[in-house]
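Listed below are the residues making up each chain.
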Amino acid sequence: MRKYFTFFFVVLTIVASVLSCSKDEQTLQDKTAAANRKNKENSEAYIKAYRDSVGVFSTSTGLLYKADTVGFGIKPGPEDSIHIVYTGSLANGTMFAASRIKMTVDEQIAGMREGVQLMNEGSVYDLYIPHYLAYGEDSNTFLFNNKIVTIPPYAALHFHVKLEKVVPVISE
């Protein structure tokens, strides 16, 4: 009898643990879903606030941009290399990037690709990028100024970009 009692107790403990983990997992999923909904709402409100600002223009995709300085050089194409100086920040102002970099246009997130192709060499623009042109429902983590900065899911982003140089692809 004692043997059956011990077996029953072990099975009951295992079942209780599984049910408890399932409940904890569901609670975590609910909290994550609520945080994602809040991020998406904040992102949409941030973009909407800038959409109505003086001097801010919108593309058909929803990218917002404002020209601080209009350059007179050439515009880059999707395969061209560019030299840019930029800062990137979240809607709450948290900066996650600041760099001078050379890269091809198509190596960037969708909103940045679209934005730099609007610019002439020498231009300085502010780009307000909706979440669906940034990292979408994914998060991304960066090391910036010796701190870990996480871009949460559904985050709208702001980039201040100076297009210093365009190096066109030479076609044969």
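Values in this document were obtained by computation on a predicted structure and should not be read as measured data.

**A few points about the overall build of the protein**
Helix and strand counts for the protein come out as two helices and eight strands. Element order for the protein, N to C, with α for helix and β for strand: α-β-β-β-β-α-β-β-β-β. Here the protein holds 172 residues, and 33% of them are scored as buried. The contacts in the protein between residues at least 6 apart in sequence include a share of 68% that link residues at least 24 apart. Surface exposure of the protein reaches about 11000 Å², of which carbon and sulfur atoms provide 58%.

**A look at the packing of aromatic side chains**
Counted by the stated rule, this structure contains nine aromatic pairs. Here the aromatic cluster, defined as three or more aromatic residues joined through ring pairs, consists of Y86, F96, Y135, F142 and F159.

**Focus: unusual backbone geometry**
Positive phi, close to 50°, is recorded for N145, a residue that is not glycine. Mapped onto the elements of the fold, N145 is located in the loop between β6 (140–144) and β7 (147–151). The backbone phi angle of Y154 is positive, close to 65°, even though this residue is not glycine. Examined against the element boundaries, Y154 turns out to sit in the loop between β7 and β8 (157–167). The class of Y154 is buried, set by a relative accessible area of 17%.

**Examining the nonpolar core**
Ranked by size, the top nonpolar core spans 28 residues in total, and within it M112, L127, I129, L157, F159 and V161 carry the most contacts. Listing elements by their share of this core, those giving two or more residues are β3 (81–90), β4 (95–104), α2 (110–116), β5 (124–129), β7 and β8. Beyond its immediate sequence surroundings of up to four residues, I129 is in contact with I47, L63, I109, G111, M112, A134, A156, L157 and F159.

**A few points about the pairing of β7**
Two elements, β6 and β7, share five bridges in a ladder whose sense is antiparallel. From the neighbouring strand, F142 faces β7, where its bridge partner is V149.

**Quick notes on the pattern of salt bridges**
Note that side chains of opposite charge can pair when their charged atoms are close. Throughout the structure, instances matching the rule amount to one salt bridge. A salt bridge links E164 to R100, with the nearest nitrogen and oxygen atoms 2.6 Å apart. With E164 in strand β8 and R100 in strand β4, this pair connects stretches of sequence that are 64 residues apart. By relative accessible area, R100 is classed as exposed at 61%.

**A few points about the confidence of the model for the protein**
Keep in mind that low pLDDT regions are not for reading the predicted coordinates in detail. Per-chain confidence: the protein averages 87 in pLDDT, with 83% of residues scoring 70 or above. Across the protein, the element-wise mean pLDDT spans from 70 in helix α1 (residues 2–51) up to 98 in β5.

**Thoughts on the sheet that holds β5**
Taken in spatial order, the six strands line up as β1-β2-β5-β8-β3-β4 in an open sheet, and their pairing is antiparallel. Every interior strand has two partners, whereas the edge strands, β1 (57–58) and β4, have only one.

Analysis parameters
- Residues numbered from 1 in each chain as written.
- Predicted model: local features only at pLDDT ≥ 70, side-chain atom pairs only at ≥ 80, totals over all residues.
- Heavy atoms only, no water.
- Helix = DSSP H or I, 4+ residues; strand = E, 2+ residues; numbered from the N terminus.
- Buried < 20%, exposed > 50% of the residue type's maximum accessible area, 1.4 Å probe, protein only.
- Contact = heavy atoms within 4.5 Å.
- Areas by Shrake-Rupley, 256 points an atom, 1.4 Å probe, with all protein chains shown as cover.
- Phe/Tyr/Trp six-rings, centres within 6.5 Å; stacked < 30°, edge-to-face > 60°.
- Core = buried A, V, L, I, M, F, W, Y, C linked by side-chain atoms within 4.5 Å.
- Pairing = 2+ DSSP bridges.
- Salt bridge = Lys/Arg side-chain N within 4 Å of Asp/Glu carboxyl O.
- pLDDT = per-residue confidence, 0-100.

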